[in-house]
Amino acid sequence: MFAFRFALRNVVARKSSIVIILFIAFSISLLVVSNAVFDGTDNGLEKTFINSFTGNIVIRPKAEFPLSLFGNDSPLHGELSAIPSLVPYAELADYVACTEGISTTLPQLSGFAAVCDAEDHAWFCLFGVEAEDYVREMSGIHIVEGGVIPRGTRGMMISRGALAALQEETGAKEQLKLGDNVKVWMSDGVSLTIRLLPLVGIYDYAVENETLNRIVIVDPVTLRELSQVRDFIPDDAIDPSKMDIMIEDVSELDELFSSAEDSEGVEAEGQDFSLDAVIASGNNDDASQSTVWSFLICKTEENASVGRIVRQLNAEFKKRDWPVQAVKWRKAAGGTVNYIFYLRVILNVGIILILLTGFIVIANTLIVVALGRVCETGTLRAIGAKRRFVALQFFFETAILTVSAGILGCVVGAVAHRVILFVRIHIENSLLVQLFGGSVLETVLTPGNIGGCLALSCALAFLGWLYPVRVALDSNPVEAMRGQI
(Lines give C-alpha, C1' and ligand atoms only; values in the text may rest on other atoms or scores of the structure.)
Protein backbone atom coordinates (compact mmCIF):
# COMPACT_ATOMS: atom_id res chain seq x y z
CA MET A 1 0.00 0.00 0.00
CA PHE A 2 2.95 2.33 0.57
CA ALA A 3 3.84 2.01 -3.10
CA PHE A 4 0.26 3.05 -4.03
CA ARG A 5 0.28 6.10 -1.71
CA PHE A 6 3.69 7.10 -3.02
CA ALA A 7 2.48 6.80 -6.63
CA LEU A 8 -0.70 8.76 -5.88
CA ARG A 9 1.34 11.58 -4.31
CA ASN A 10 3.54 11.76 -7.41
CA VAL A 11 0.52 11.87 -9.75
CA VAL A 12 -1.15 14.65 -7.75
CA ALA A 13 2.07 16.63 -7.48
CA ARG A 14 2.69 16.69 -11.27
CA LYS A 15 0.83 19.37 -13.22
CA SER A 16 1.05 17.31 -16.40
CA SER A 17 -1.21 14.65 -14.86
CA ILE A 18 -4.35 16.73 -15.46
CA VAL A 19 -3.51 17.15 -19.15
CA ILE A 20 -2.83 13.43 -19.58
CA ILE A 21 -6.07 12.45 -17.80
CA LEU A 22 -8.16 14.87 -19.88
CA PHE A 23 -6.59 13.71 -23.13
CA ILE A 24 -7.20 10.04 -22.35
CA ALA A 25 -10.74 10.79 -21.10
CA PHE A 26 -11.56 12.62 -24.33
CA SER A 27 -10.35 9.70 -26.45
CA ILE A 28 -12.28 7.17 -24.36
CA SER A 29 -15.47 9.26 -24.46
CA LEU A 30 -15.19 9.54 -28.25
CA LEU A 31 -14.85 5.77 -28.46
CA VAL A 32 -17.88 5.28 -26.18
CA VAL A 33 -20.06 7.60 -28.30
CA SER A 34 -18.93 6.10 -31.62
CA ASN A 35 -19.62 2.58 -30.37
CA ALA A 36 -23.03 3.71 -29.08
CA VAL A 37 -23.84 5.17 -32.50
CA PHE A 38 -22.84 1.99 -34.31
CA ASP A 39 -24.68 -0.21 -31.83
CA GLY A 40 -27.73 1.94 -32.47
CA THR A 41 -27.14 1.59 -36.21
CA ASP A 42 -27.00 -2.18 -35.99
CA ASN A 43 -30.12 -2.32 -33.81
CA GLY A 44 -32.01 0.03 -36.11
CA LEU A 45 -31.05 -1.87 -39.25
CA GLU A 46 -31.86 -5.20 -37.61
CA LYS A 47 -35.23 -3.95 -36.41
CA THR A 48 -36.06 -2.57 -39.87
CA PHE A 49 -35.36 -5.79 -41.74
CA ILE A 50 -36.68 -8.23 -39.13
CA ASN A 51 -40.01 -6.40 -38.89
CA SER A 52 -40.29 -5.80 -42.64
CA PHE A 53 -39.44 -9.06 -44.39
CA THR A 54 -36.67 -11.26 -42.98
CA GLY A 55 -37.91 -12.23 -39.52
CA ASN A 56 -35.25 -13.29 -37.02
CA ILE A 57 -34.40 -16.59 -38.71
CA VAL A 58 -34.94 -17.91 -42.23
CA ILE A 59 -34.96 -21.58 -43.19
CA ARG A 60 -33.70 -21.90 -46.75
CA PRO A 61 -32.81 -24.82 -49.04
CA LYS A 62 -29.16 -25.59 -49.58
CA ALA A 63 -27.97 -24.37 -52.96
CA GLU A 64 -24.77 -24.15 -54.98
CA PHE A 65 -25.12 -20.37 -55.17
CA PRO A 66 -25.56 -17.65 -52.51
CA LEU A 67 -29.26 -17.72 -51.69
CA SER A 68 -31.28 -15.00 -49.99
CA LEU A 69 -34.97 -14.13 -49.82
CA PHE A 70 -34.43 -12.38 -53.16
CA GLY A 71 -33.12 -15.56 -54.77
CA ASN A 72 -29.67 -16.03 -56.24
CA ASP A 73 -27.35 -13.25 -55.11
CA SER A 74 -24.82 -13.89 -57.86
CA PRO A 75 -24.28 -10.50 -59.54
CA LEU A 76 -24.48 -11.61 -63.20
CA HIS A 77 -27.09 -14.33 -63.60
CA GLY A 78 -28.75 -14.45 -60.21
CA GLU A 79 -32.20 -13.36 -61.39
CA LEU A 80 -32.39 -16.25 -63.89
CA SER A 81 -31.62 -19.03 -61.42
CA ALA A 82 -34.47 -21.21 -60.25
CA ILE A 83 -34.99 -21.13 -56.49
CA PRO A 84 -35.14 -24.63 -54.97
CA SER A 85 -38.02 -25.71 -52.74
CA LEU A 86 -37.87 -26.75 -49.11
CA VAL A 87 -37.87 -30.54 -48.83
CA PRO A 88 -39.42 -32.21 -46.90
CA TYR A 89 -41.64 -29.20 -46.23
CA ALA A 90 -44.38 -30.74 -44.06
CA GLU A 91 -42.01 -32.41 -41.58
CA LEU A 92 -39.72 -29.40 -41.61
CA ALA A 93 -42.52 -26.92 -40.88
CA ASP A 94 -43.85 -29.06 -38.03
CA TYR A 95 -40.42 -29.38 -36.42
CA VAL A 96 -39.55 -25.69 -36.71
CA ALA A 97 -42.93 -24.58 -35.38
CA CYS A 98 -42.42 -26.73 -32.27
CA THR A 99 -38.87 -25.50 -31.62
CA GLU A 100 -38.48 -23.68 -28.32
CA GLY A 101 -38.04 -19.93 -28.80
CA ILE A 102 -39.80 -19.70 -32.18
CA SER A 103 -43.17 -17.95 -31.97
CA THR A 104 -44.32 -17.81 -35.60
CA THR A 105 -43.42 -19.33 -38.96
CA LEU A 106 -44.37 -17.88 -42.36
CA PRO A 107 -43.83 -19.82 -45.63
CA GLN A 108 -42.73 -17.80 -48.65
CA LEU A 109 -42.00 -18.10 -52.36
CA SER A 110 -39.71 -15.66 -54.20
CA GLY A 111 -39.14 -14.80 -57.84
CA PHE A 112 -38.11 -11.92 -60.11
CA ALA A 113 -40.80 -10.65 -62.46
CA ALA A 114 -41.54 -7.69 -64.69
CA VAL A 115 -44.29 -5.44 -63.38
CA CYS A 116 -45.85 -3.50 -66.22
CA ASP A 117 -47.23 0.01 -66.17
CA ALA A 118 -49.15 1.57 -69.03
CA GLU A 119 -46.01 2.26 -71.09
CA ASP A 120 -43.17 0.01 -69.95
CA HIS A 121 -42.07 -2.42 -67.25
CA ALA A 122 -39.64 -2.63 -64.33
CA TRP A 123 -38.19 -5.62 -62.50
CA PHE A 124 -39.19 -6.38 -58.93
CA CYS A 125 -38.87 -9.31 -56.56
CA LEU A 126 -42.22 -10.97 -55.94
CA PHE A 127 -42.88 -12.41 -52.48
CA GLY A 128 -45.58 -15.05 -52.63
CA VAL A 129 -47.07 -15.20 -49.13
CA GLU A 130 -50.35 -15.53 -47.31
CA ALA A 131 -50.79 -11.77 -46.98
CA GLU A 132 -53.09 -11.83 -43.95
CA ASP A 133 -50.57 -13.74 -41.83
CA TYR A 134 -47.60 -11.90 -43.32
CA VAL A 135 -48.84 -8.37 -42.60
CA ARG A 136 -49.98 -9.36 -39.14
CA GLU A 137 -46.50 -10.59 -38.18
CA MET A 138 -44.44 -7.95 -40.03
CA SER A 139 -45.03 -4.90 -37.83
CA GLY A 140 -42.94 -2.73 -40.17
CA ILE A 141 -45.68 -2.89 -42.83
CA HIS A 142 -48.48 -0.31 -42.52
CA ILE A 143 -51.46 -0.43 -44.90
CA VAL A 144 -52.31 3.08 -46.19
CA GLU A 145 -54.85 2.22 -48.90
CA GLY A 146 -57.04 -0.81 -49.48
CA GLY A 147 -56.23 -3.94 -47.53
CA VAL A 148 -54.43 -7.25 -47.64
CA ILE A 149 -54.95 -9.97 -50.23
CA PRO A 150 -57.76 -12.20 -48.89
CA ARG A 151 -56.80 -15.82 -48.36
CA GLY A 152 -57.46 -17.95 -51.43
CA THR A 153 -57.76 -15.03 -53.88
CA ARG A 154 -55.46 -13.48 -56.47
CA GLY A 155 -53.99 -10.03 -56.02
CA MET A 156 -51.01 -7.75 -55.50
CA MET A 157 -49.83 -5.41 -52.76
CA ILE A 158 -47.13 -2.82 -53.28
CA SER A 159 -45.43 -0.12 -51.20
CA ARG A 160 -45.61 3.55 -52.08
CA GLY A 161 -41.82 3.53 -52.49
CA ALA A 162 -42.08 0.69 -55.03
CA LEU A 163 -44.89 2.56 -56.83
CA ALA A 164 -42.68 5.62 -57.13
CA ALA A 165 -39.79 3.47 -58.41
CA LEU A 166 -42.12 1.82 -60.95
CA GLN A 167 -43.35 5.20 -62.21
CA GLU A 168 -39.82 6.55 -62.49
CA GLU A 169 -38.40 3.52 -64.31
CA THR A 170 -41.30 3.13 -66.73
CA GLY A 171 -41.74 6.84 -67.39
CA ALA A 172 -45.46 6.65 -66.64
CA LYS A 173 -47.32 9.91 -66.18
CA GLU A 174 -49.46 8.57 -63.33
CA GLN A 175 -48.96 6.05 -60.59
CA LEU A 176 -51.01 2.91 -60.37
CA LYS A 177 -54.11 3.26 -58.23
CA LEU A 178 -55.99 0.93 -55.97
CA GLY A 179 -58.15 -1.43 -58.03
CA ASP A 180 -56.05 -1.18 -61.22
CA ASN A 181 -55.22 -4.42 -62.99
CA VAL A 182 -51.45 -4.87 -63.24
CA LYS A 183 -49.77 -7.11 -65.79
CA VAL A 184 -46.95 -9.24 -64.37
CA TRP A 185 -44.79 -11.55 -66.44
CA MET A 186 -41.93 -13.89 -65.78
CA SER A 187 -39.58 -15.61 -68.23
CA ASP A 188 -37.34 -18.62 -67.82
CA GLY A 189 -35.42 -17.82 -70.99
CA VAL A 190 -37.59 -20.08 -73.15
CA SER A 191 -41.23 -19.42 -72.27
CA LEU A 192 -43.13 -16.43 -70.98
CA THR A 193 -45.92 -16.57 -68.37
CA ILE A 194 -48.21 -13.57 -67.93
CA ARG A 195 -50.82 -12.87 -65.27
CA LEU A 196 -53.13 -9.91 -64.67
CA LEU A 197 -53.49 -9.06 -60.97
CA PRO A 198 -55.71 -6.47 -59.23
CA LEU A 199 -53.91 -4.01 -56.96
CA VAL A 200 -55.68 -4.61 -53.65
CA GLY A 201 -53.39 -2.84 -51.19
CA ILE A 202 -50.82 -0.06 -50.91
CA TYR A 203 -48.60 0.13 -47.85
CA ASP A 204 -45.64 1.88 -46.28
CA TYR A 205 -42.65 0.47 -44.46
CA ALA A 206 -41.74 1.93 -41.09
CA VAL A 207 -38.38 3.00 -42.57
CA GLU A 208 -37.81 3.90 -46.22
CA ASN A 209 -35.18 1.66 -47.77
CA GLU A 210 -34.10 1.00 -51.35
CA THR A 211 -34.03 -2.73 -50.66
CA LEU A 212 -37.64 -2.71 -49.48
CA ASN A 213 -38.70 -0.68 -52.51
CA ARG A 214 -37.90 -3.65 -54.78
CA ILE A 215 -40.46 -5.94 -53.11
CA VAL A 216 -43.98 -6.66 -54.39
CA ILE A 217 -46.31 -8.95 -52.44
CA VAL A 218 -48.52 -11.35 -54.40
CA ASP A 219 -50.57 -14.44 -53.62
CA PRO A 220 -48.55 -17.68 -53.68
CA VAL A 221 -50.75 -19.42 -56.26
CA THR A 222 -49.99 -16.75 -58.85
CA LEU A 223 -46.26 -16.88 -58.16
CA ARG A 224 -46.26 -20.66 -58.57
CA GLU A 225 -47.95 -20.24 -61.93
CA LEU A 226 -45.53 -17.53 -63.02
CA SER A 227 -42.57 -19.66 -61.94
CA GLN A 228 -44.18 -22.70 -63.58
CA VAL A 229 -43.84 -24.62 -60.33
CA ARG A 230 -46.27 -27.49 -59.98
CA ASP A 231 -47.69 -28.24 -56.58
CA PHE A 232 -47.87 -31.80 -55.39
CA ILE A 233 -49.59 -33.83 -52.71
CA PRO A 234 -47.59 -36.07 -50.39
CA ASP A 235 -48.30 -39.79 -50.64
CA ASP A 236 -49.65 -39.96 -47.10
CA ALA A 237 -52.21 -37.24 -47.92
CA ILE A 238 -54.02 -39.43 -50.48
CA ASP A 239 -57.12 -41.22 -49.17
CA PRO A 240 -57.25 -44.67 -50.83
CA SER A 241 -60.97 -45.01 -49.99
CA LYS A 242 -61.76 -42.24 -52.45
CA MET A 243 -59.97 -43.91 -55.33
CA ASP A 244 -63.06 -45.87 -56.40
CA ILE A 245 -62.80 -45.24 -60.14
CA MET A 246 -60.45 -47.81 -61.62
CA ILE A 247 -59.91 -49.01 -65.15
CA GLU A 248 -59.41 -52.77 -65.32
CA ASP A 249 -59.05 -55.30 -68.12
CA VAL A 250 -59.23 -52.81 -70.99
CA SER A 251 -57.97 -54.74 -73.97
CA GLU A 252 -58.64 -52.16 -76.63
CA LEU A 253 -58.54 -48.39 -76.52
CA ASP A 254 -61.95 -48.16 -78.20
CA GLU A 255 -63.56 -49.98 -75.29
CA LEU A 256 -62.62 -47.10 -73.04
CA PHE A 257 -64.81 -44.73 -75.09
CA SER A 258 -67.39 -47.22 -76.37
CA SER A 259 -70.27 -45.51 -74.56
CA ALA A 260 -69.27 -41.98 -75.48
CA GLU A 261 -71.67 -39.96 -77.60
CA ASP A 262 -71.13 -36.97 -79.81
CA SER A 263 -71.59 -33.96 -77.53
CA GLU A 264 -70.36 -31.14 -79.72
CA GLY A 265 -71.95 -27.86 -78.77
CA VAL A 266 -73.51 -29.32 -75.65
CA GLU A 267 -72.80 -27.59 -72.34
CA ALA A 268 -73.03 -29.63 -69.17
CA GLU A 269 -75.98 -28.67 -67.07
CA GLY A 270 -75.09 -26.33 -64.23
CA GLN A 271 -71.52 -25.82 -65.51
CA ASP A 272 -70.07 -22.45 -66.57
CA PHE A 273 -66.93 -22.62 -68.70
CA SER A 274 -66.56 -18.89 -69.34
CA LEU A 275 -63.14 -17.22 -68.87
CA ASP A 276 -64.34 -15.44 -65.74
CA ALA A 277 -65.50 -18.71 -64.25
CA VAL A 278 -62.19 -20.40 -64.98
CA ILE A 279 -60.27 -17.55 -63.31
CA ALA A 280 -62.68 -17.64 -60.37
CA SER A 281 -62.10 -21.35 -59.97
CA GLY A 282 -58.37 -20.68 -59.74
CA ASN A 283 -59.00 -18.23 -56.93
CA ASN A 284 -60.24 -21.06 -54.75
CA ASP A 285 -56.85 -22.75 -54.57
CA ASP A 286 -55.93 -23.39 -50.97
CA ALA A 287 -52.31 -22.26 -50.77
CA SER A 288 -52.14 -23.05 -47.08
CA GLN A 289 -52.23 -26.78 -47.94
CA SER A 290 -49.37 -26.51 -50.42
CA THR A 291 -46.05 -28.16 -49.75
CA VAL A 292 -44.11 -26.13 -52.32
CA TRP A 293 -42.36 -23.21 -50.63
CA SER A 294 -38.91 -21.71 -51.00
CA PHE A 295 -38.39 -20.27 -47.52
CA LEU A 296 -39.72 -20.46 -43.99
CA ILE A 297 -39.51 -17.14 -42.15
CA CYS A 298 -39.35 -17.47 -38.36
CA LYS A 299 -40.10 -14.86 -35.71
CA THR A 300 -38.59 -15.63 -32.31
CA GLU A 301 -39.78 -14.84 -28.82
CA GLU A 302 -38.58 -11.56 -27.33
CA ASN A 303 -35.80 -12.90 -25.09
CA ALA A 304 -34.86 -15.94 -27.16
CA SER A 305 -31.24 -16.48 -28.20
CA VAL A 306 -31.29 -16.39 -32.01
CA GLY A 307 -27.78 -17.80 -32.29
CA ARG A 308 -28.64 -20.76 -30.07
CA ILE A 309 -31.80 -21.53 -32.05
CA VAL A 310 -29.93 -21.37 -35.36
CA ARG A 311 -27.27 -23.79 -34.08
CA GLN A 312 -29.94 -26.14 -32.72
CA LEU A 313 -31.90 -26.14 -35.97
CA ASN A 314 -28.85 -26.74 -38.17
CA ALA A 315 -27.69 -29.58 -35.93
CA GLU A 316 -31.10 -31.25 -36.23
CA PHE A 317 -31.24 -30.68 -40.01
CA LYS A 318 -27.84 -32.33 -40.37
CA LYS A 319 -28.89 -35.21 -38.15
CA ARG A 320 -32.03 -35.83 -40.24
CA ASP A 321 -30.13 -35.30 -43.49
CA TRP A 322 -32.49 -32.56 -44.67
CA PRO A 323 -31.04 -30.35 -47.47
CA VAL A 324 -31.92 -27.11 -45.66
CA GLN A 325 -30.20 -24.64 -43.34
CA ALA A 326 -31.14 -21.92 -40.87
CA VAL A 327 -29.57 -18.47 -41.18
CA LYS A 328 -29.89 -15.17 -39.36
CA TRP A 329 -31.59 -12.10 -40.78
CA ARG A 330 -28.49 -10.54 -42.37
CA LYS A 331 -27.77 -13.56 -44.59
CA ALA A 332 -31.46 -13.80 -45.44
CA ALA A 333 -31.49 -10.17 -46.60
CA GLY A 334 -28.70 -11.01 -49.03
CA GLY A 335 -26.25 -8.90 -50.99
CA THR A 336 -28.67 -6.01 -51.25
CA VAL A 337 -27.99 -5.13 -47.63
CA ASN A 338 -24.27 -5.96 -47.60
CA TYR A 339 -23.21 -2.57 -48.90
CA ILE A 340 -24.76 -0.97 -45.81
CA PHE A 341 -22.82 -3.40 -43.62
CA TYR A 342 -19.57 -2.69 -45.49
CA LEU A 343 -20.14 1.04 -45.19
CA ARG A 344 -20.46 0.62 -41.46
CA VAL A 345 -17.23 -1.40 -41.37
CA ILE A 346 -15.40 1.33 -43.28
CA LEU A 347 -16.64 3.99 -40.86
CA ASN A 348 -15.62 1.81 -37.92
CA VAL A 349 -12.13 1.30 -39.35
CA GLY A 350 -11.75 5.04 -39.90
CA ILE A 351 -12.68 5.88 -36.32
CA ILE A 352 -10.45 3.13 -34.95
CA LEU A 353 -7.48 4.46 -36.94
CA ILE A 354 -8.08 7.96 -35.59
CA LEU A 355 -8.37 6.69 -32.04
CA LEU A 356 -5.37 4.41 -32.47
CA THR A 357 -3.28 7.42 -33.39
CA GLY A 358 -4.44 9.17 -30.25
CA PHE A 359 -3.71 6.13 -28.10
CA ILE A 360 -0.19 5.88 -29.52
CA VAL A 361 0.35 9.49 -28.48
CA ILE A 362 -1.06 8.70 -25.04
CA ALA A 363 1.18 5.64 -24.61
CA ASN A 364 4.24 7.65 -25.68
CA THR A 365 3.31 10.38 -23.21
CA LEU A 366 3.07 7.86 -20.37
CA ILE A 367 6.43 6.38 -21.33
CA VAL A 368 8.11 9.77 -21.51
CA VAL A 369 6.70 10.75 -18.11
CA ALA A 370 7.90 7.48 -16.59
CA LEU A 371 11.36 7.73 -18.15
CA GLY A 372 11.68 11.27 -16.81
CA ARG A 373 11.52 9.83 -13.33
CA VAL A 374 14.29 7.28 -13.77
CA CYS A 375 16.66 9.57 -11.80
CA GLU A 376 14.23 9.49 -8.87
CA THR A 377 13.93 5.73 -9.26
CA GLY A 378 17.72 5.37 -9.10
CA THR A 379 17.78 7.33 -5.85
CA LEU A 380 15.10 5.10 -4.35
CA ARG A 381 16.99 1.98 -5.31
CA ALA A 382 20.24 3.47 -3.94
CA ILE A 383 18.68 3.97 -0.53
CA GLY A 384 17.38 0.42 -0.41
CA ALA A 385 14.08 0.28 -2.35
CA LYS A 386 13.49 -3.19 -3.77
CA ARG A 387 12.79 -3.97 -7.43
CA ARG A 388 9.22 -5.01 -6.55
CA PHE A 389 8.55 -1.61 -4.94
CA VAL A 390 9.83 0.23 -8.03
CA ALA A 391 7.75 -1.94 -10.35
CA LEU A 392 4.58 -1.38 -8.29
CA GLN A 393 5.23 2.37 -8.12
CA PHE A 394 5.47 2.64 -11.90
CA PHE A 395 2.38 0.45 -12.37
CA PHE A 396 0.25 2.39 -9.87
CA GLU A 397 1.17 5.73 -11.42
CA THR A 398 0.18 4.71 -14.94
CA ALA A 399 -2.90 2.87 -13.65
CA ILE A 400 -4.11 5.90 -11.68
CA LEU A 401 -3.74 8.08 -14.78
CA THR A 402 -5.36 5.73 -17.29
CA VAL A 403 -8.09 4.07 -15.22
CA SER A 404 -9.30 7.35 -13.72
CA ALA A 405 -9.27 8.86 -17.21
CA GLY A 406 -11.14 5.80 -18.53
CA ILE A 407 -13.86 6.13 -15.91
CA LEU A 408 -14.17 9.86 -16.61
CA GLY A 409 -14.32 9.16 -20.37
CA CYS A 410 -17.08 6.56 -19.92
CA VAL A 411 -19.10 9.01 -17.80
CA VAL A 412 -18.70 11.77 -20.41
CA GLY A 413 -19.63 9.32 -23.19
CA ALA A 414 -22.74 8.19 -21.31
CA VAL A 415 -23.80 11.82 -20.84
CA ALA A 416 -23.23 12.49 -24.56
CA HIS A 417 -25.36 9.42 -25.36
CA ARG A 418 -28.24 10.80 -23.29
CA VAL A 419 -27.88 14.22 -24.90
CA ILE A 420 -28.09 12.70 -28.41
CA LEU A 421 -31.26 10.84 -27.48
CA PHE A 422 -32.76 13.99 -25.95
CA VAL A 423 -31.92 16.28 -28.87
CA ARG A 424 -33.22 13.77 -31.48
CA ILE A 425 -30.97 14.52 -34.43
CA HIS A 426 -32.94 14.09 -37.65
CA ILE A 427 -31.33 12.56 -40.76
CA GLU A 428 -32.32 13.65 -44.26
CA ASN A 429 -29.84 11.76 -46.46
CA SER A 430 -31.45 8.54 -47.76
CA LEU A 431 -28.21 6.56 -47.52
CA LEU A 432 -27.73 7.56 -43.89
CA VAL A 433 -31.37 6.72 -43.18
CA GLN A 434 -30.70 3.20 -44.45
CA LEU A 435 -27.41 3.01 -42.55
CA PHE A 436 -28.89 4.11 -39.21
CA GLY A 437 -32.18 2.27 -39.72
CA GLY A 438 -34.35 5.37 -39.31
CA SER A 439 -34.66 9.10 -39.83
CA VAL A 440 -33.61 9.89 -36.23
CA LEU A 441 -30.11 9.18 -34.93
CA GLU A 442 -30.38 6.82 -32.00
CA THR A 443 -27.52 5.56 -29.86
CA VAL A 444 -27.45 2.40 -27.74
CA LEU A 445 -25.14 2.24 -24.74
CA THR A 446 -24.40 -1.37 -23.84
CA PRO A 447 -22.44 -2.89 -20.93
CA GLY A 448 -20.08 -4.36 -23.51
CA ASN A 449 -19.30 -0.87 -24.78
CA ILE A 450 -18.44 0.44 -21.30
CA GLY A 451 -16.57 -2.72 -20.36
CA GLY A 452 -14.53 -2.63 -23.56
CA CYS A 453 -13.49 0.98 -23.02
CA LEU A 454 -12.48 0.30 -19.41
CA ALA A 455 -10.51 -2.73 -20.59
CA LEU A 456 -8.77 -0.48 -23.09
CA SER A 457 -7.83 1.86 -20.23
CA CYS A 458 -6.26 -1.07 -18.37
CA ALA A 459 -4.39 -2.10 -21.51
CA LEU A 460 -3.00 1.43 -21.80
CA ALA A 461 -1.90 1.23 -18.18
CA PHE A 462 -0.03 -1.99 -18.90
CA LEU A 463 1.59 -0.66 -22.09
CA GLY A 464 2.56 2.59 -20.41
CA TRP A 465 4.16 0.67 -17.55
CA LEU A 466 5.90 -2.20 -19.31
CA TYR A 467 8.76 -0.43 -21.10
CA PRO A 468 9.69 2.27 -18.52
CA VAL A 469 9.81 -0.19 -15.61
CA ARG A 470 12.07 -2.45 -17.62
CA VAL A 471 14.47 0.42 -18.32
CA ALA A 472 14.41 1.55 -14.70
CA LEU A 473 15.04 -1.91 -13.27
CA ASP A 474 17.80 -2.76 -15.73
CA SER A 475 19.70 0.50 -15.14
CA ASN A 476 22.53 1.00 -12.68
CA PRO A 477 21.23 2.97 -9.65
CA VAL A 478 24.32 5.25 -9.57
CA GLU A 479 23.98 6.09 -13.27
CA ALA A 480 20.28 6.66 -12.81
CA MET A 481 20.92 9.08 -9.93
CA ARG A 482 23.30 11.05 -12.16
CA GLY A 483 20.62 11.29 -14.86
CA GLN A 484 22.64 9.31 -17.38
CA ILE A 485 19.74 7.04 -18.31
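Residues numbered from 1 in each chain as written. Predicted model: local features only at pLDDT ≥ 70, side-chain atom pairs only at ≥ 80, totals over all residues. Heavy atoms only, no water.

1. Here we look at the overall build of the chain
Consideration 1: Within the chain, the regular secondary structure consists of 16 helices and twelve strands.
Consideration 2: Counting over 485 residues, the chain shows a buried share of 44%.
Consideration 3: Of the contacts made within the chain by residues no fewer than 6 positions apart, 78% connect residues no fewer than 24 positions apart.
Consideration 4: For the chain, the accessible area works out to roughly 26,200 Å², and carbon and sulfur atoms hold 59% of it. (Helix = DSSP H or I, 4+ residues; strand = E, 2+ residues; numbered from the N terminus. Buried < 20%, exposed > 50% of the residue type's maximum accessible area, 1.4 Å probe, protein only. Contact = heavy atoms within 4.5 Å. Areas by Shrake-Rupley, 256 points an atom, 1.4 Å probe, with all protein chains shown as cover.)

2. A word on the nonpolar core
Consideration 1: I59, V96, M156, L313 and F317 are the most contacted members of the largest nonpolar core, which totals 41 residues.
Consideration 2: At five residues, the largest contribution of residues to this core is made by helix α3 (residues 89-97).
Consideration 3: Residues F49, L106, I141 and W329 belong to the second largest nonpolar core, which totals 31 residues. (Core = buried A, V, L, I, M, F, W, Y, C linked by side-chain atoms within 4.5 Å.)

3. Things to note about the pairing of strand β11 (residues 295-300)
Consideration 1: Burial runs high along β11: six of the six residues are buried.
Consideration 2: Alternating positions in β11 separate into two faces, F295, I297 and K299 on one and L296, C298 and T300 on the other, with burial throughout.
Consideration 3: Bridge analysis of strand β1 (residues 57-61) against β11 gives three bridges, and the strand direction is antiparallel. Paired with V58 across the two strands is I297, which belongs to β11. (Pairing = 2+ DSSP bridges.)

4. Brief notes about unusual backbone geometry
Consideration 1: In this model, V87 is joined to P88 through a cis peptide bond whose omega is -5 degrees.
Consideration 2: Examined against the element boundaries, P88 turns out to sit in the loop between β3 (71-72) and α3.
Consideration 3: The phi dihedral of D321 falls on the positive side, at around 60 degrees, and the residue is not glycine.
Consideration 4: As for its placement among the helices and strands, D321 is situated in the loop between α9 (306-320) and β12 (324-328).
Consideration 5: Unusually for a residue other than glycine, R424 sits at a positive phi of about 60 degrees.
Consideration 6: Note on placement: R424 falls in the loop between α13 (387-423) and α14 (430-436).

5. Side note on the packing of aromatic side chains
Consideration 1: Following the criterion strictly, the structure yields ten aromatic pairs and no others.
Consideration 2: Arranged with centres 6.5 Å apart and planes meeting at 70 degrees, the rings of Y95 and F317 form a pair that is edge-to-face. On the criterion of sequence distance, the pair formed by Y95 in helix α3 and F317 in helix α9 is long-range, its members being 222 residues apart.
Consideration 3: Consider the rings of W123 and W185, whose centres lie 5.3 Å apart with planes at 75 degrees: the pair is edge-to-face. Placement of W123 in strand β5 (residues 121-128) and of W185 in strand β8 (residues 181-187) is noted, with a sequence separation of 62 residues between them.
Consideration 4: Classification of W185 as buried rests on a relative accessible area of 18%.
Consideration 5: Each residue in the set F49, F53, F70, F127 and W329 is aromatic and connected to the rest through ring pairs, giving one cluster. (Phe/Tyr/Trp six-rings, centres within 6.5 Å; stacked < 30°, edge-to-face > 60°.)

6. Considering helix α6 (residues 220-227)
Consideration 1: Most of α6 sits out of view: six of its eight residues are buried.
Consideration 2: Of the surrounding secondary structure, the elements contacted by the buried residues of α6 are β4 (102-116), β5, β8, β9 (192-205) and β10 (215-218).
Consideration 3: Downstream of α6 by one or two residues, Q228 has phi in the positive range, about 55 degrees.

7. Remarks on the pattern of salt bridges
Consideration 1: Applying the stated criterion to the full structure yields eleven salt bridges.
Consideration 2: Of the charged contacts, one joins D204 and R160 as a salt bridge, the two residues approaching to 2.2 Å between their closest N and O atoms. One end of the pair, D204, is in strand β9; the other, R160, is in helix α5 (residues 160-170), with 44 residues separating them in the sequence.
Consideration 3: According to the relative accessible area criterion, D204 is buried, its value standing at 12%.
Consideration 4: Given the relative accessible area of 43%, R160 is considered partly exposed. (Salt bridge = Lys/Arg side-chain N within 4 Å of Asp/Glu carboxyl O.)

8. Quick look at a nonpolar patch on the surface
Consideration 1: A surface patch of nonpolar side chains, about 740 Å² in accessible area, is lined by I407, V411, V415, V419, F422, V423, I425 and L454.
Consideration 2: Among the elements that take part in the nonpolar patch, α13 stands out by supplying six residues, more than any other.
Consideration 3: As for its placement among the helices and strands, V419 is situated in helix α13. (Patch = residues over 30% accessible without salt bridge, like charges linked within 9 Å, V, L, I, M, F, W, Y side chains within 5 Å.)

9. Focus: the packing of helix α2 (residues 16-54) against α13
Consideration 1: Across the interface, α2 lies against α13 with an axial gap of 7 Å and an inter-helix angle of 45 degrees. If you check the angle between α2 and α13, you find them oblique. When the axes of α2 and α13 are compared, the crossing they make is right-handed.
Consideration 2: For the contact of α2 with α13, the class distribution of residues is 16 nonpolar, seven polar and no charged. (Axes fitted to C-alpha atoms, helices over the stretch in contact; angles between N-to-C directions. Parallel < 35°, antiparallel > 145°, perpendicular 65-115°, else oblique. Left-handed = near helix turned anticlockwise from the far one by under 90°. Nonpolar A, V, L, I, M, F, W, Y, C, P; charged D, E, K, R; others polar.)

10. Side note on the side chain of E316
Consideration 1: Counting through the fold element by element, E316 comes out in helix α9.
Consideration 2: On the accessibility criterion, E316 (17% relative accessible area) is buried.
Consideration 3: Within the structure, the side chain of E316 is placed 2.6 Å from the side chain of R320, a separation counted as a polar contact. (Polar contact = N/O pair within 3.5 Å; in protein donor to acceptor, adjacent residues only side chain to side chain.)

11. A short note on α2
Consideration 1: For α2, built from 39 residues, the straight-helix expectation of 57 Å at 1.5 Å per residue is met to within 8% by its first-to-last C-alpha distance of 54 Å.
Consideration 2: Following α2 by one or two positions, G55 adopts a phi angle in the positive range, close to 70 degrees. (Expected span 1.5 Å × (residues − 1).)

12. What about the environment of I297?
Consideration 1: Along the chain, I297 turns up in strand β11.
Consideration 2: Beyond its immediate stretch of four places on either side in the chain, I297 contacts F53, T54, G55, I57, V58, L69, T104, T105, L106, Q108, Y134 and M138.

Just distances and angles here, no functional claims.
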